[in-house]
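Examining the three-dimensional arrangement
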Amino acid sequence: MTADSLATLSDQLILAAILLYLAAMIGYALELAFGTRPAQVRELVRSDGGTVTETQPGEPVVWARQAGRLAVGASWIGWAANVTATLTRGLAVERWPWGNMYEFVVAMILAAVTVYLFMQLRYPVRFLGAFVTVIAALGLGFAVRVLYTQAGPVVPALDSYWVAIHVSAAIAASGLFTVGGVAAALYLIRREGESRLPARADLERIAHRVIVIGFPIWTFAVISGALWADKAWGRYWNWDPKEVWAFITWVAYAAYLHARATAGWKGKAAMIVSLIAFGCLLFNLVGVNIFFGGLHSYADVP
Amino acid sequence: MTVVEEEQKQAAKPVGLGVIGWLRWGWRTLTSMRTALILLFLFALASVPGSVFPQRAVDPGQVARYFAAEPVRAEWLDRFWMFDVFRSPWFAAIYLLLFLSLVGCVLPRTLAHLKEIRRKPPAAPRNLLRLPHHAELDGELTLADAVAVLKKRRFRVETGPDWVAAEKGHLRETGNLVFHLALLVLLLAVGVGGLYGYKGNVLVVEGDGFANTVAAYDRYVPGASVTAESLEPFSFRLTDFQATYVGPGHEKVGQPLTYSATLSVKDAPGAPDRVVDLQVNEPLDVNGTLTYLIGHGYAPVFTVTDGAGQVAYEGPVPCLTSNTSTFESECVIKVPDAAPQQLAFLGRFLPSTLPAGDDWVSVFPGAVNPTVQIWPFAGDLGLDSGQPQSVYDLGAHQNLKPLGKMTAQPRPLAVGEALDLPDGAGKIQFTGVKEWIALQTTYDPGRMPALLASIATVLGLVLSLTIRRRRVWVRMTDGRATVGGLSRTEGSNFTDEFAEIVASLNPRSGVTDDR
């Protein structure tokens, strides 16, 4: 296959991935909405005239559960399309396929979906699918509509093996933080008491688990970025806007980890801190390139 | 300010305590987790203006442009150090407090941890069945077997008359402390680099040389403790520079692909020459002093003959790139030696020229069809006035007058062509094209310590976030063994591992989990 047809195939696969993620989103949503019959509360009259309330837990609804399983299948196929799109893009341009904003966002979405899909193999977190796939579809749509760049070579500064190290780490951490952000947002949306969503404690645990894995990877991404900057620009740290926001994101996630261990900050406050940190991550990803420029602005924002 | 599982007690408010009491209260408050958390937020918040406003340390030119565009606002912002955020006293105040808070928290914990590491696991509680994880074994188990099993799982083990106590996971706190101490080392390394390091920028034209001395730099920024003698005495000559670009037919036509500068380097005076291929991402390294290729541009070569028929100037003139995608460049040629009047020229260099109506434009960054448009001036350059001047700027010279009739778009000269100046003032010939490169030389003795500290932070972080501290006890009562387990790390899943431990102690037993 020629480079051009590989690049075209990559673009088509991204569209297929969007559609599959949307289909999966519908399946997950159906399961979330109709998967369990509401719990029955009955008031029984005892022989002595008093009353007892009896709560029967909701039963699973077969067709809705089936929709959930189909959604997982659609997610895996969408994931495969996403993986193949990234691979064919890399083959078409003969370099690591994360040299500009478009490619970075595609890879970050892939990382987030990967984290979710492997997590749901081990833990009962299928409900997250509805939210992860909608973010994946929106993210890919944003990449295609706003950030799209024709497959091509990169400027000399980006033509380095450090792309594989620094950017891959940033992508992996961003994927993990995205799943953490979804869980944290659900935590805040869900109030205490009855809900279709899992208990707040479970959501908190999911968020914490992915952030705990993501944080050292993000730390490594920042440090390997400094190593690359030392190679390319003659200094390892110079407070370029991207560096400033990577640092702010790092401090914000560190604050989350400390908040979680501080009396009075556990639970809701810590979750809000983690969402602020996620906001910083997104701003660093998109906002810095658009608003500030700086040395990282070669990332090709049209 | 460490990630603690135990809740820290808030410092109690002092009531009628003297100076010592207030100091104690202040220290306790400063080193509390809550204060550390607030300082962390402030640290992040304080960095934001550093990305919003241009910074002198990053791009002084942009700061100057900000001052020109918004003088009043810029002056006010400058009063609050908004163009020097990361060198401002208030930013320093935040991170010094944060690191003081860190020292106050980490040092006592390090001492406590050193004691804790040497301590033996605590004796088994009387009733192990009350622990969150516990199991009763039906089979026969001797204490020696239990010790062997637990030791094989790398627990530290202590035995009593009828019990075994085992503990594992001290590396969690070790990692936590290593992480925080490494952050302190990192800060020190950055400080040392700032004191003993230096940075210099220089522009070198093909064929020219450079020797690493303070005077040779166009811009030189030494640390507070750097002397002129501490510069590494290397020198080099730029023999060739090559840039390649994406060719026509692609969306990104003109985008640079590779830069390569060939240097002939002498590591010290008298040392043999070595040839170095300098590229982006591949700096020149002379004993830890690094030279980077950070930019390039064109230097057209001119020969200026004055009215008296003498060659008054001959050589390349580095031009400033005004359009980075076509490398259209602006040149200023000053000829103070010209007689009878001094001469000056403004030039517009076009590396790949195409006519566009009355105008000419450059369509490609490579020098495919280089031309230069020339606007000549004559008069007094004012070089004797004592005022410093930029070589890239004619400035507002009142004593310079255009020679002849000024046209908006003079016909550009191709290589070899000459422009005869009116009134017999001489001529200027465009004889060739050279390229210049912009280099940055840095020496930072804090680099390696900073790198080692960074590696330590990542390793410490991984240990402190993945390792769990847990204890296991085995107690024998009337020939029957009970096993109890306790995870000392909140939110961790010890159930599976405990089940495995029980299974390896006795495969036939059942596990109860009361959590």
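Model, not experiment: these values are computed from the prediction.

Section: the domain arrangement of chain A
Residue and element names in this part refer to chain A. Looking at chain A, the domain boundaries give domain 1 (1-35 + 58-153) and domain 2 (155-302). Relative placement of domain 1 and domain 2: their C-alpha centres are 20 Å apart. Contacts between domain 1 and domain 2 engage 27 residues on the former and 31 residues on the latter. Summing both sides of the interface, domain 1 and domain 2 together bury roughly 2500 Å²; the carbon and sulfur share of this comes to 82%. Inspection of the domain 1/domain 2 interface yields two residue pairs in polar contact (both at pLDDT 80 or more). Going through the elements one at a time, helix H1 (3-34), helix H3 (101-122) and helix H4 (129-147) are the ones with two or more residues in the side of domain 1 that touches domain 2. Here the side of domain 1 that touches domain 2 gets nine residues from one element, more than from any other, and that element is H3. Considered class by class, the residues forming the side of domain 1 that touches domain 2 number 24 nonpolar, three polar and no charged.

Examining the UniProt feature "transmembrane region" (unreviewed entry) in chain A
Residues and elements named next belong to chain A. Mapped onto this structure's residue numbering, the UniProt feature "transmembrane region" (unreviewed entry) falls at residues 12-30, 101-118, 125-148, 160-189, 210-229, 244-263 and 270-292. Secondary structure over residues 125-148 splits into 79% helix and 0% strand, and the C-alpha atoms at its two ends are 32 Å apart. Helix makes up 100% of residues 210-229 and strand 0%. Its end C-alpha atoms lie 28 Å apart.

Quick notes on the interface of chain A and chain B
Opposite the 49 residues of chain A that make contact, chain B presents 55 residues. At the boundary of chain A with chain B, total buried surface from both sides reaches about 4500 Å², with 66% on carbon and sulfur atoms. Three residues stand out in chain A for area buried against chain B, namely Pro156(A), Tyr236(A) and His258(A), and they jointly supply 15% of the buried area on that side. Notably, a salt bridge pairs Asp230(A) with Arg447(B), separated by 2.7 Å at the nearest N-O pair. For the pair chain A and chain B, the number of links is six residue pairs in polar contact (both at pLDDT 80 or more). Among the secondary structure elements, those contributing two or more residues to the side of chain A that touches chain B are helix H6 (200-232), helix H7 (241-260) and helix H8 (268-292) of chain A.

Section: the sheet that holds strand E7 (residues 235-245) of chain B
Residue and element names in this part refer to chain B. Overall, antiparallel pairing links the four strands, which are arranged E5-E7-E8-E9 in an open sheet. Across the chains shown, the open sheet's two edge strands, defined by having one partner strand only, are strand E5 (209-211) and strand E9 (273-279). Between one strand and the next, the sheet's axes are offset by a mean angle of 30 degrees, whatever the strand orientation. Note: strand E8 (residues 256-266) against E9, seven bridges, orientation antiparallel. Residue pairing across strands places Lys266 opposite Asp273, the latter belonging to E9.

Some remarks on the pairing of strand E3 (residues 163-168) of chain B
Residue and element names in this part refer to chain B. The buried count for E3 comes to five of six residues, which makes it a mostly enclosed element. In this structure, strand E2 (residues 156-159) lies alongside E3, joined through four bridges in antiparallel fashion. Residue Thr159 lies in a different strand from E3, and its bridge partner there is Val164. Following E2, the chain reverses through three residues before pairing antiparallel with E3. Bridge analysis of E3 against strand E23 (residues 470-477) gives six bridges, and the strand direction is antiparallel. In the sheet register, Glu167 faces E23, and the bridge partner there is Arg471.

Details of the environment of Leu131(B)
Residues and elements named next belong to chain B. With respect to the helices and strands, Leu131 occurs in the loop between helix H5 (89-118) and strand E1 (133-137). With relative accessibility at 12%, the residue Leu131 sits in the buried group. Linking Leu131 and Ile467, residues 336 residues apart in sequence, is a C-alpha distance of 21 Å. Once you skip the residues sitting within four places of it in the chain, Leu131 turns out to touch Pro125, Trp473, Gly484 and Gly485.

Focus on the domain arrangement of chain B
Segmentation of chain B into domains returns domain 1 (17-111), domain 2 (124-169 + 468-513), domain 3 (174-195 + 448-462) and domain 4 (198-443). For domain 1 of chain B versus domain 4 of chain B, the separation of C-alpha centres amounts to 41 Å.

Observations regarding unusual backbone geometry
A cis geometry characterises the amide bond from Ala339(B) onward to Pro340(B), with omega recorded as 0 degrees. Residue position: Pro340(B) is located in the loop between strand E14 (328-335) and strand E15 (342-350). Although it is not a glycine, Trp239(A) adopts a positive phi angle of roughly 55 degrees. By the element assignment, Trp239(A) lies in the loop between H6 and H7. A positive phi angle is found at Phe327(B), which is not glycine, with a value near 55 degrees.

Concerning the packing of aromatic side chains
Residues and elements named next belong to chain A. The full count for this structure, using the stated rule, is 40 aromatic pairs over all chains. On the basis of an interplanar angle of 75 degrees and a centroid distance of 4.9 Å, the ring pair of Tyr102 and Tyr148 is categorised as edge-to-face. Of this pair, Tyr102 sits in helix H3 while Tyr148 sits in the loop between H4 and helix H5 (162-189), and the two are 46 residues apart along the sequence. What makes Tyr102 buried here is its relative accessible area of 2%. Judged by its relative accessible area of 31%, Tyr148 is partly exposed. Aromatic side chains Phe177 and Tyr253 sit 3.8 Å apart centroid to centroid with 10 degrees between the ring planes, which places their arrangement in the stacked category. Of the two residues, Phe177 is situated in helix H5 and Tyr253 in helix H7; the sequence distance between them amounts to 76 residues. No difference in accessibility class separates Phe177 from Tyr253, as the two residues are buried.

Definitions and cut-offs
- Residues numbered from 1 in each chain as written.
- Chains lettered and ligands numbered in written order.
- Predicted model: local features only at pLDDT ≥ 70, side-chain atom pairs only at ≥ 80, totals over all residues.
- Heavy atoms only, no water.
- Domains from an automatic or database assignment.
- Contact = heavy atoms within 4.5 Å.
- Buried area = accessible area lost by both parts, 1.4 Å probe.
- Polar contact = N/O pair within 3.5 Å; in protein donor to acceptor, adjacent residues only side chain to side chain.
- Helix = DSSP H or I, 4+ residues; strand = E, 2+ residues; numbered from the N terminus.
- Nonpolar A, V, L, I, M, F, W, Y, C, P; charged D, E, K, R; others polar.
- UniProt positions renumbered as here; feature names shortened; annotations may be inferred.
- Salt bridge = Lys/Arg side-chain N within 4 Å of Asp/Glu carboxyl O.
- Pairing = 2+ DSSP bridges.
- Axes fitted to C-alpha atoms, helices over the stretch in contact; angles between N-to-C directions.
- Buried < 20%, exposed > 50% of the residue type's maximum accessible area, 1.4 Å probe, protein only.
- Phe/Tyr/Trp six-rings, centres within 6.5 Å; stacked < 30°, edge-to-face > 60°.

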